[in-house]
Amino acid sequence: MEEAFRIGSHKVYRIEEWQGGFSPPEALFAEFESRVFAEHAPGFEPDFMRDGLIYGYLQSWLIDTGDELVLVDTGAGNEKDRPGIPIFGNLQTDFLAKLEEAGFAPEDIDKVFCTHLHIDHVGWNTRLVEGEWEPTFANATYYFPTLDEAAWNPAKETYGSLGGAEVNANVFEDSVAPIIKAGRAELIEHGASIADGMTAIDSPGHTPGHMVLEVESEGEIAFFTGDILHHPMQISQPGWNSVYCEDRDQAASTRRAILDRAADRNARIVPAHFGAPHSVFVERAQDGFRPVFDERRGG
Ligand SMILES: [Zn+2]
């Protein structure tokens, strides 16, 4: 498998877990307005919209620096019981075969960065081995946002007080706790250095501790933005949140700030769920921003 793109000297591979129609737009966007959506909708078929449903992906991003392999977000995982979002429960995907197609085995991964601890970003952290959830990437250090761990660790006083408990039922227990127990987790805060030229940036709102991974190599920049954006509609309408954004005012102001920073620095935005070509540049437009799907700009 060829890399999806490069950031300077780093090769970046897209490891796909799942794709499909997810939900009608009016059910995904909390601030949905049909007139505004209709203006943009003709450009969304087929990569971002099919048969009246928002079309999306679960995909991980693997950054190969030449020295280290850093995996960003780990999808929904296999064989997991997911009463909060049944569509991502009990999956049997060939995610690890896709990783192998890219040329990598699970034990090759050095670092795993979870932008946040929602159901569809931590799944492959673990896999079922003889009835136990074991770290899939046995040699990796896993980086988790401190505040998200505080939100979902039942042993913490803060558990349940930061929101989002129902949609994330079982997720901490089967996909985060086993990593902590194995001694492979590192809880991080704003500014944490993940590797040379890779920094974690606070981007709260979607979850309390959501983090963007900023990556710079040879003057080129990419932001791995997790769930700051689910769909290009949110580039032209940064005030539109997904219904899964836990603090909507905060999520919208974070979205504007990240888009602003990306426009200023000509950074490639690499979200977790975008359709082809799966990453995007942005330019400022009259009342927001404009997506620029132009491979030439990123090399
Ligand atoms: Zn997500």
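Within each chain, residues carry numbers counting from 1 in the order of the written sequence. Only residues with pLDDT of at least 70 are given local features in this predicted model, and only at 80 or more are side-chain atom pairs given and counted; all residues enter the totals for whole chains, interfaces and linings. Water and hydrogen atoms were dropped before computing side-chain values, which therefore reflect all heavy atoms in the structure.

A.B. asks: I would appreciate a short explanation of the overall build of the chain in the present structure.
C.D. replies: Each helix is a run of DSSP H or I of at least 4 residues and each strand a run of E of at least 2, with the numbering of both proceeding from the N terminus. Secondary structure assignment for the chain yields eight helices and 17 strands. Taking 299 residues into account, the globule formula puts the C-alpha radius of gyration at 19 Å, and the chain, at 18 Å, falls close to it. Here the C-alpha coordinates of the chain stretch approximately 55 × 40 × 35 Å along the principal axes. The rule is simple: take the accessible area with a 1.4 Å probe, protein chains only, and divide by the maximum for that residue type; under 20% is buried, over 50% is exposed, in between is partly exposed. Buried positions account for 55% of the 299 residues belonging to the chain. The criterion used for residue contact is that any of the two residues' heavy atoms lie within 4.5 Å. The contacts in the chain between residues at least 6 apart in sequence include a share of 67% that link residues at least 24 apart. Surface exposure here means Shrake-Rupley accessible area, sampled with a 1.4 Å probe, where a residue is shielded only by the protein chains that are shown. Summed over all atoms, the accessible surface of the chain reaches about 12200 Å², with 45% contributed by carbon and sulfur. In this description the radius of gyration comes from C-alpha coordinates, and the expected globular size is given by 2.2 Å times residues to the power 0.38.

A.B. asks: Is there a simple way to explain the UniProt feature "domain: Metallo-beta-lactamase" (unreviewed entry) in the chain in this structure?
C.D. replies: UniProt positions are given in the numbering used here, feature names are shortened, and annotations may be inferred rather than shown by experiment. Mapped onto this numbering, the UniProt entry annotates "domain: Metallo-beta-lactamase" (unreviewed entry) at residues 57-273. In residues 57-273, helix accounts for 22% and strand for 27%; the two terminal C-alpha atoms are 5 Å from one another.

A.B. asks: What exactly am I supposed to notice about the coordination of the zinc ion here?
C.D. replies: Six octahedral donors at a metal ideally form angles of 90 or 180 degrees, and four tetrahedral donors ideally form angles of 109.5 degrees. Each metal's donors are the N, O and S atoms within 2.8 Å of it, or within 3.2 Å when it is Na, K or Ca, and because water is not part of the set, sites may look incomplete. All of the protein donors around the zinc ion are D120 (OD), H121 (NE2), D227 (OD) and H273 (NE2); their distances to the metal are 2.1 to 2.2 Å. Irregular is the default label, applied whenever a site is not tetrahedral (four donors, all angles between 85 and 135 degrees) and neither square planar nor octahedral (four or six donors, opposite donors over 155 degrees apart, all other angles between 65 and 115). Given four donor atoms and angles of 83 to 156° at the metal, the environment of the zinc ion is assigned as irregular. Written as a sequence motif, the donor residues of the zinc ion are D-H-x105-D-x45-H. The class of D120 is buried, set by a relative accessible area of 10%. Overall, H121 belongs to the buried group, its relative accessible area being 0%.

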